[in-house]
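Each chain, written out:
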Amino acid sequence: MPASPEHNPGPKASGLNVRVMASLLLAPPVVLAIYAGTPFIEPLIIISAGIMAREWGRLCCRSGPERSSWVMMVAVIVPLLALPAFGVSLSWPLLLLGAVVAALFAARDRAEPRLVILGTLYIGVACLAFLLIRGYTPDGRFLALWLVAIVWAADSGAYLFGRVIGGPKLAPKISPKKTWAGFTGAMIMAALVSWIFVQVVGAWSSMALVLAAAGLAAIEQVGDLLISMLKRYFGVKDTGALIPGHGGLLDRTDGLLLASVAAAAYITLVGTGGMHD
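Rules used in this analysis
Residues numbered from 1 in each chain as written. Predicted model: local features only at pLDDT ≥ 70, side-chain atom pairs only at ≥ 80, totals over all residues. Heavy atoms only, no water. Helix = DSSP H or I, 4+ residues; strand = E, 2+ residues; numbered from the N terminus. Buried < 20%, exposed > 50% of the residue type's maximum accessible area, 1.4 Å probe, protein only. Contact = heavy atoms within 4.5 Å. Areas by Shrake-Rupley, 256 points an atom, 1.4 Å probe, with all protein chains shown as cover. Patch = residues over 30% accessible without salt bridge, like charges linked within 9 Å, V, L, I, M, F, W, Y side chains within 5 Å. Salt bridge = Lys/Arg side-chain N within 4 Å of Asp/Glu carboxyl O. Pairing = 2+ DSSP bridges. Axes fitted to C-alpha atoms, helices over the stretch in contact; angles between N-to-C directions. Parallel < 35°, antiparallel > 145°, perpendicular 65-115°, else oblique. Left-handed = near helix turned anticlockwise from the far one by under 90°. Nonpolar A, V, L, I, M, F, W, Y, C, P; charged D, E, K, R; others polar.

K.L.:
Kindly report on the overall build of the protein chain, identifying the contributing residues and their values.
P.N.:
Helix and strand counts for the protein chain stand at nine helices and two strands. Within the span of the protein chain, comprising 277 residues, buried residues form 48% of the whole. Sequence separation of at least 24 residues holds for 70% of the intrachain contacts in the protein chain that already meet a minimum separation of 6. Entry remark: accessible area of the protein chain is about 14000 Å², with carbon and sulfur atoms responsible for 71%.

See the structure below:
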């Protein structure tokens, strides 16, 4: 006898349950590594960077050999390994060199050299930016946690507002499910979580960080769209299958990458507003 609708949640509900469970399992070790810092945060970022580069590279190599995807992985890992000992003065040149080498391999393999360069620089710069925020800025611990918190809040706000309100599409040719309501909800939720966060940790200029959170939420949504453009270009649903319910690691961190670069620029230009570590 077929199950009644009440006892058969269907593929959408079961898929959502898998996403939630995966998030609950992954979030605690990530938060703990960020909070603890060295020597835990560096391996987390380095391994993540390598996985994301490999995922991006494999998309570019779908019609041929995958050598350039492995070179991409090395190209983003080496600058991150060099950062603690030699600083950005060596990491940036190493990243640029790695991007060029990866593109040369891609050209030989007919694997989209321009996108290989873009992916190497995009992932490498974002991961360097996150490590710089955590380890090389005042209040780095709480700034890194603040950044991750507002990105997660933005994702949740975009999903919630988009599902409940719906309305006009944000970029229907790139990501048909995204709406302007979701975009607005991402900014609202990020600002709210930022306000709560800075009240808990004690910031002198909480309003500045609340406004920054709203701006970073908008940038995070743009980062999400960039990876959606990449997937649409190659005709795939996910960048990988590493995380159940989410796809690849790039699918999960798409917004965080661009937000990390923007946050590092904001902290460099404006400061932290008096947070205490």
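K.L.:
Got a sec to walk through the environment of Leu-26? Specific residues and values, please.
P.N.:
With respect to the secondary-structure elements, Leu-26 resides in helix H1 (residues 10–36). It is 9.3 Å that separates the C-alpha atoms of Leu-26 and Ile-243, two residues lying 217 residues apart in sequence.

K.L.:
Explain a nonpolar patch on the surface to me, using residue names and the numbers behind them.
P.N.:
On the surface, a cluster of nonpolar side chains totalling about 420 Å² of accessible area is made up of Leu-192, Trp-195, Ile-196 and Val-200. When you line up the elements, Leu-192 lands in helix H7 (residues 180–201).

K.L.:
How would you sum up the pairing of strand S2 (residues 175–179)? Please name residues and give values.
P.N.:
Remember that side chains alternate between the two faces of the sheet whenever the strand is regular. Sheet topology places strand S1 (residues 169–171) next to S2; two bridges connect them, and they run antiparallel. Paired with Ala-171 across the strands is Ser-175, a residue of S2. In this structure, the hairpin formed by S1 and S2 is closed by a connection of three residues.

K.L.:
Any details on the packing of helix H2 (residues 41–60) against helix H8 (residues 206–234)? Residues and values, ideally.
P.N.:
Axis separation between H2 and H8 bottoms out at 10 Å; the angle between their running directions is 30 degrees. Taken together, the axis directions place H2 and H8 in an arrangement best described as roughly parallel. Regarding H2 and H8, the two cross each other, and that crossing is left-handed. Taken together, the residues of H8 that come into contact with H2 (itself represented by Trp-56, Leu-59 and Cys-60) are Ile-227, Leu-230 and Phe-234. Of the residues assigned to the contact of H2 with H8, the class counts are six nonpolar, no polar and no charged.

K.L.:
Tell me about the packing of helix H4 (residues 88–108) against helix H5 (residues 113–136), and please be specific about residues and values.
P.N.:
Between H4 and H5, the least distance of the axes is 8 Å, while the angle of their chain directions is 155 degrees. Looking at the two axes, H4 sits roughly antiparallel to H5. The hand of the H4/H5 crossing is right-handed. Seen from H4, the contacting residues are Val-88, Ser-91, Trp-92, Leu-95, Leu-96, Gly-98, Ala-99, Ala-102, Ala-103, Ala-106 and Ala-107; seen from H5, they are Pro-113, Val-116, Ile-117, Thr-120, Leu-121, Gly-124, Val-125, Leu-128 and Leu-132. Residues that form the contact of H4 with H5 fall into these classes: 16 nonpolar, four polar and no charged.

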